[in-house]
Every structure is written in structure tokens, then in C-alpha cells.
Amino acid sequence: MAKTVSDYFVERLHAWGIRVMFGYPGDGINGVFGALNRAGGKVRFIQARHEEMAAFMASAYAKFTGELGVCIATSGPGAAHLVTGLYDARLDHMPVLAITGQQARSAMGGHYQQEVDLASLLKDVAGAFVQQASSPSQVRHLVDRAIRTDLGERRVTAIILPNDLQEMTYEEPPRAHGTLHSGIGFTRPRTVPYEAQLRRAAEVLNSGKKVAMLVGAGALEATDEVIAVADRLGAGAAKALLGKAVLPDDLPWVTGAIGLLGTEPSFRLMTECDTLLMVGSGFPYSEFLPKEGQARGVQIDLAPDMLSLRYPMEVNLVGDAAETLRELLPLLQPKSDDAWRKEIASNLERWWKKLEDRAMQPANPINPQRIAWELSPRLPDHVILTSDSGSCANWWARDIKIRRGMMASLSGGLASMGAAVPYAIAAKFAHPDRPVIALVGDGAMQMNNMAELITVAKYWREWADPRWIVCVLNNCDLNQVTWEQRVMNGDPKYDCSQQIPDVPYHRFAELIGLEGIFVDRPDALAPAWERALAASRPVVLEVKTDPEVPPLPPHITFEQAVKLSEALLKGDPHEKRVLAGAARQGFASLLPGRKRE
Ligand SMILES: Cc1ncc(C[n+]2csc(CCOP(=O)(O)OP(=O)(O)O)c2C)c(N)n1
Ligand SMILES: [Mg+2]
């Protein structure tokens, strides 16, 4: 049988090193599925329940392996479903290739069934390279250029294959005008700044007395270098959400998360420093960085367009984090005074005690912080952690103490709901021998994570380590937004939009052959984690949590306090419990004119 365009396409992907893709079939892309079948597992297809989930998996696969993530969908609705997951990759700078079908070339422009202008639809998210193939020999350079763009620029690209073209006989490009003869292969360059720039950076860093570092996902491969530089500079370091695994939390100068989900010591680190060294982070919120003019700044990032974007830096270094820090280290002078680090350490000591106190406060029925608090000391080595967007991201970011060798990620830039379970599934296809734990809100579970449990039920038996746990925080509320409505908008809780149905998630797990655990008493939490971590199959650990434990930022502005009071004065239907919850968490001062409970 002659080789079809699809056979060639799959072969070329394989030649590029692609071994796995996530997706969902449909008649617009059946030619490629036929070729995947004929290729006999050379490129493995992982079946998700929904194309958006497949795109999240591709994004997470790229995050957890450092390789290209690939997702595949049919024309029209399948391609449209991919979009949110692709934006997740785009906003977190992950290399992802989207492959979609399309109607036959002869039908295009005919208002045909499932005909969507996919090049236009995908133009923003896959703007680095989005092309619809129109002839067989074109497919070679479309694959080569898309993948080289993905890897080289850390971008999302898309190849759209009309279904008639997929079945045509493949022809190599003839040696003729108007043809291309592309090749495969990409190696990452070593990107380091010129020495003169490193010297400028060193001058700024050496002259500081209170150096703060902010590290993000770009520093994930640079743990040793970050530690060496921080020690030399006597610096404290905060971690952006995607950089949670850059530094272990037991170091007495690591202040943990920053920003709305962050810690008080990170807030103080940034407001009190005189020098800022930012490495591999696109952390978005400038108000959590030093005040403009307060600190001299140095930033290291591979992407020039991410430099001096949140804070005006004096020295902007385009470079790989590990390589650049290694070159910088010999130029840095040790600090003679350790007062700054001592101050950070004592802030941290107080902070961890405060967090423990907050986590152990009684709640109705369970304080959600305690979920993370009890999990931390029980985390298995090499665990991979994911979180959904919602109040659980606060506890994930703030309370979970990560150790070296672990991985942690979530939908960062896009902060999309519905990413934690597909992320946790992709983690298993990236590292089947590592345990995986996801924290997910009940809203996010209902949105689409629940359906992906079926994907877990389908595949888990092939995972070398079966430990895969999703912890569902069942608060019958879209809690993060409920609190945003109160604190940011001064609006009382709008039950109509915020309350969600109670669903027995653990029983759904049991129905589909997973293990289900339900906890509604605080003292049952620790044993439940132990049981989940010892289970011989994936577990849904459902915890009934209190929606009135406020997921508030570490530093509450006066305006936010006023807004919360306004919300309550307007008649929040849950006022009493809100007051009790805020008071127990040490936020009573937030409520002007009200008595502490
Ligand atoms: C796709 C998407 N839709 C809406 C939002 C806005 N949003 C952020 S958190 C949140 C509430 C999440 O509720 P749940 O999953 O129950 O977690 P909780 O905050 O209650 O712990 C919402 C609606 C979002 N981030 N992503
Ligand atoms: Mg909820």
C-alpha cells in the first residue's frame, strides 16, 4: 500500500522524537488515526474525555518532561474544544503542537458541516505558527517548522490537515521552484549574557544589603545555582506559583509563595529589600514587588519580552537561569552582615507557626488548610503535585512544604479551572513511577475533572506506581470567587451564582473502580491521607470543607477590609459564619467596627 500523507505525518513526528499524544478522534482527523494504528504504537495515543483536557495534558506533559506536548482533535468542535488548554500552554510558555482535522479541501468555503475557519480560530493562541496543509509534499516542512518553532521559541503551534489530504498518497517535494526540502532536529542553545553585562549585574547585587530573589518556572532546572547565589548574597527568596519546586521550603531563607496566594514573609521580603534579583519568572502582580525606586533590580530570563515588565530593572539579562547564575556566581562577593537573613528566618519561624495555628483552627466541619497541612509531612519523595484554580490553590501554594526532588505545577498564567486532573494524568504518562497528588475544588470537579477520572480508570493499571490521588474540597461553593466578590467588590455572596450542588465524589470514584474515601471529621483527615497514600489504586479523597475560611491574600489593604465590611452590611446570607471564620483565622481586624468573636 502506498504511504499516505497521514502515514508520512506520523513517521515524521516519530522522527522528531514524539512518542505520545493526547486527544480525541473524529471523522475530520480519521486519516491520521488510521496511520497511528498502522504505526503500531510507535507514537502512542492517549484518549481523554474531552479535547480541552487533552490540551491541558499536552501542556502538563511539556511541563513535567521538558519535551514537546502534542494534542490531536477533529475538525470544527474538536478543534474548538482544544483552545482553552492551548492557552494554558501559551500563557505558561510551554511548547505544544496541536494537530487538527478539517473538512475536505473541495468543500471549504461552502458553509459545510463542521467547517470552521481553524487558521483564524487558532491564530492568536498558536500565532507563532498555524498552517493548513493544501498539498501532500507541504506536510514535511509544516511538521519540521512547527516543531522547531515549538521547541525553539517555547510556543504553541498548530497544523490543520484537511481530511481528503490525509488519505492522499504522500509525495516528497520535487526538486523544483516553489518547493521546500526541510530537515529535522533541534538542540537547545546555551544562552548566556555577555561578560560585561554579568559584571554590571554583579555590581548591583554586590552593592545591596538586603537582597530579595524571586524565582519562577524558568529556574526549575537551576536549584543548585539559585541556592549558591542566594547563599553568596545572603538573600531571601520568594517563589512564584509555577516555581514552587525550585526551592525546598525547609530552607530558612525561602519565604514560599508570593502574591495573592502568597505568604507574609514574601510580602515583607519584597517591601523591605533594597535589591531584587528575579530569575525565570513572569509573576504578574507588580504590587507584590518592591515599590518602584525602592530596590535596584537585576532580571534573568530566556524571553527578552519578559524582562523589566513588572519592575524596571537596572540590568536585564537574556539567559538560561542555571547557566547565567553559574557565570554570575564567581563575580559575587559574600555579604559580611547576616542581619537580613536572620530577620527573614525569624519572620519565617513566626509565619509557619501562624499557618499551623490557622490550619488547626476548628471549622465547619473541616478547615481546608488542614488538608494541606496534614499532607505536607506525609508527601512521598518524588511526588508530583498539581492543583486546580480555586481556594485550594491558596493552601497548595502557602501550606504545602515541598522538598527537593518533587515537582509541582498548575494552570498558572491562565489560572483555568479544570486543569488539575488532566495535569495529574499527564504527570503519570510523563513519570509512571512517581506518585501524583492533585487538590481540586468541587466546582472544578463538576466542570470537567470528574469526567477525566474515567480516563484514570481506563489507564491506571499500566502505571508502575498506582498512587494517584485527587483530593476534592467539597464546600458546595465556588469559594474563591465568593470571597473575591466580598473582598474585592464589596458584594455579599450571591448564592444564585456561587452555591453548587453537593455531589458524592468518592462514590463516583467507587462506581468506576477507583477507591473513594470520605472525610467530614478533622481527626479523620490524617488517617485518610495515610490510607490514600498506601492504596493500591487511584483514590478520590473527598473532604467536606468549610466555605467560610477566608482564602485571603497575606496583606489585606484597607480598601479590601472596607469592601468586606460593605459586603456584610449589605446583608451577606452567611454573615454570621463569615465573621466567625474570619475571626478564627486572625482576620478580625479586617472587620472595622465589629467585635472579635
Ligand atoms: C474556566 C474558568 N472559569 C471560571 C473561573 C473563575 N474561578 C476561579 S476560582 C473559581 C471557583 C472555583 O470553585 P471550586 O472549584 O469549587 O473551588 P473553591 O474555590 O470552592 O475551593 C472560579 C469560578 C476560572 N478561573 N476558570
Ligand atoms: Mg468549591
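Preceding this section is the structure that the text describes.
Before going into details, it helps to say that this report is about the structure given with it. (Residues numbered from 1 in each chain as written. Chains lettered and ligands numbered in written order. Predicted model: local features only at pLDDT ≥ 70, side-chain atom pairs only at ≥ 80, totals over all residues. Heavy atoms only, no water.)

## Description of the site of ligand 1
Taken together, the neighbourhood of ligand 1 is formed by 18 residues, with Ser-391, Asp-442, Gly-443, Asp-477 and Asn-479 sitting nearest. Within the side chain of Asp-442, an N or O atom sits 2.7 Å from an oxygen atom of ligand 1. For ligand 1, an oxygen atom lies 2.8 Å from a polar atom in the backbone of Asn-479. When isolated, ligand 1 has an accessible area of 590 Å², and the protein chains bury 77% of it. In terms of residue count, the dominant contributor to the shell around ligand 1 is helix H16 (residues 442-459) (4 residues). (Near = heavy atom within 4 Å. Polar contact = N/O pair within 3.5 Å; in protein donor to acceptor, adjacent residues only side chain to side chain. Areas by Shrake-Rupley, 256 points an atom, 1.4 Å probe, with all protein chains shown as cover. Helix = DSSP H or I, 4+ residues; strand = E, 2+ residues; numbered from the N terminus.)

## What about the sheet that holds strand S7 (residues 211-215)?
The strand order across the open sheet formed by 6 strands is S9-S8-S7-S10-S11-S12, and the pairing between neighbours is parallel. On the outer flanks of this sheet lie strand S9 (254-257) and strand S12 (315-318), each paired with one strand and no other. Ignoring which end each strand starts from, the neighbouring axes of this sheet average 15° apart. As paired elements, S7 and strand S10 (residues 275-279) share 5 bridges and run parallel to each other. The residue bridging Met-213 from the neighbouring strand is Leu-277, located in S10. Lying over the sheet, helix H9 (residues 223-233) contacts S7 and S10, oriented at roughly 165° with respect to S7. (Pairing = 2+ DSSP bridges. Axes fitted to C-alpha atoms, helices over the stretch in contact; angles between N-to-C directions. Contact = heavy atoms within 4.5 Å.)

## Some details on the coordination of the magnesium ion (ligand 2)
Taken together, Asp-442 (OD), Asn-475 (OD1) and Asp-477 (O) make up the protein donors of the magnesium ion (ligand 2), found 2.0 to 2.1 Å from the metal. Binding-site remark: the magnesium ion (ligand 2) is held by donors from one chain whose sequence spacing is D-x32-N-x1-D. Within this pair, whereas Asp-442 is found in helix H16, its partner Asp-477 is found in the loop between strand S16 (468-474) and helix H17 (479-487), the two being separated by 35 residues in sequence. For Asp-442, a relative accessible area of 1% gives the class buried. (Donors = N, O, S within 2.8 Å, 3.2 Å for Na, K, Ca; no water. Buried < 20%, exposed > 50% of the residue type's maximum accessible area, 1.4 Å probe, protein only.)

## Concerning the layout of surface pockets
Taken as a whole, the second largest pocket spans an internal volume of roughly 180 Å³. Taken together, Trp-16, Gly-17, Ile-18, Arg-19, Val-20, Tyr-61, Glu-67, Leu-68, Val-70, Ile-147 and Leu-151 make up the full set of residues lining the second largest pocket. (1 Å grid on protein atoms, 1.4 Å probe; cavity = no way out; pocket = protein on both sides within 12 Å on 5 of 7 lines; lining within 4 Å. Points joined across faces, edges and corners; volume = space filled by probe spheres on them.)

## Quick word on the pairing of S16
Burial analysis of S16 places 7 of its 7 residues in the buried class, the great majority of the element. Residues Trp-468, Val-470, Val-472 and Asn-474 point to one face of S16 and Ile-469, Cys-471 and Leu-473 to the other, with burial holding for every one of them. Across 6 bridges, the pairing between strand S15 (residues 436-441) and S16 is parallel. Bridge pairing in S16 places Gly-441 opposite Leu-473. What joins S15 to S16 is H16, and the crossover it makes is right-handed. (Right-handed = clockwise from strand over helix to strand, strands pointing away.)

## Let's talk about the sheet that holds strand S13 (residues 384-387)
In space, the 6 strands of this open sheet follow the order S14-S13-S15-S16-S18-S17, with parallel pairing throughout. Two strands close off the open sheet at either side, each with one partner strand: strand S14 (407-410) and strand S17 (515-519). Direction aside, neighbouring strands of the sheet carry axes that sit 15° apart on average. Pairing geometry for S13 and S15, over 4 bridges, is parallel. Paired with Leu-385 across the bridge in S15 is Ile-437. Packed onto the sheet, helix H14 (residues 391-399) meets S13, S14, S15 and S16 and runs at close to 145° relative to S13.

## Details of the state of the cysteines
This model, assessed by the stated rule, comprises 0 disulfides. Here Cys-392 is not cross-linked by a disulfide; its sulfur's nearest cysteine counterpart is in Cys-471, at 8.5 Å. Taking relative accessible area as the criterion, Cys-392 reaches 2% and is therefore assigned buried. A disulfide-free cysteine, Cys-496 has its sulfur positioned 16 Å from the sulfur of Cys-476, the nearest such atom. What makes Cys-496 exposed here is its relative accessible area of 64%. (Disulfide = S-S within 2.5 Å.)

## Section: the side chain of Asp-442
One buried charged residue, Asp-442, remains without a salt bridge, the closest side chain of opposite sign being Lys-544 at 6.2 Å. In this structure, Asp-442 is in contact with Val-472, Leu-473, Asn-474, Asn-475, Cys-476, Asp-477, Ile-500 and Tyr-505, ignoring residues within four places of it in sequence. (Lys, Arg positive; Asp, Glu negative; His and termini not counted. Salt bridge = Lys/Arg side-chain N within 4 Å of Asp/Glu carboxyl O.)

## Regarding the packing of aromatic side chains
Overall, the coordinates contain 12 aromatic pairs when judged by the stated rule. Ring geometry for Phe-283 and Tyr-285: centres 5.8 Å apart, planes at 80°, overall edge-to-face. For Phe-283, a relative accessible area of 6% translates into the label buried. We classify Tyr-285 as partly exposed; its relative accessible area is 33%. Pairwise contacts between aromatic rings join Phe-22, Tyr-61, Phe-429, Tyr-459 and Trp-463 into one cluster. Lying over the aromatic face of Trp-396, Lys-244 brings its terminal NZ or CZ to 5.6 Å of the ring centre. Arg-486 extends its terminal NZ or CZ atom over the ring of Trp-483, reaching a point 4.7 Å from the ring centre. (Phe/Tyr/Trp six-rings, centres within 6.5 Å; stacked < 30°, edge-to-face > 60°. Lys NZ or Arg CZ within 6 Å of the ring centre and 35° of its normal.)

## Quick look at unusual backbone geometry
In this model, Asn-364 is joined to Pro-365 through a cis peptide bond whose omega is -5°. Turning to its location among the elements, Pro-365 is positioned in the loop between helix H12 (339-360) and helix H13 (368-375). Look at Arg-154: it is not a glycine, yet its phi comes out positive at around 50°. Relative to the helices and strands, Arg-154 is located in the loop between helix H6 (138-153) and strand S6 (156-162). The class of Arg-154 is partly exposed, set by a relative accessible area of 28%. A positive phi angle, near 65°, is found at His-382, a position not held by glycine. Among the secondary structure elements, His-382 is positioned in the loop between H13 and S13.

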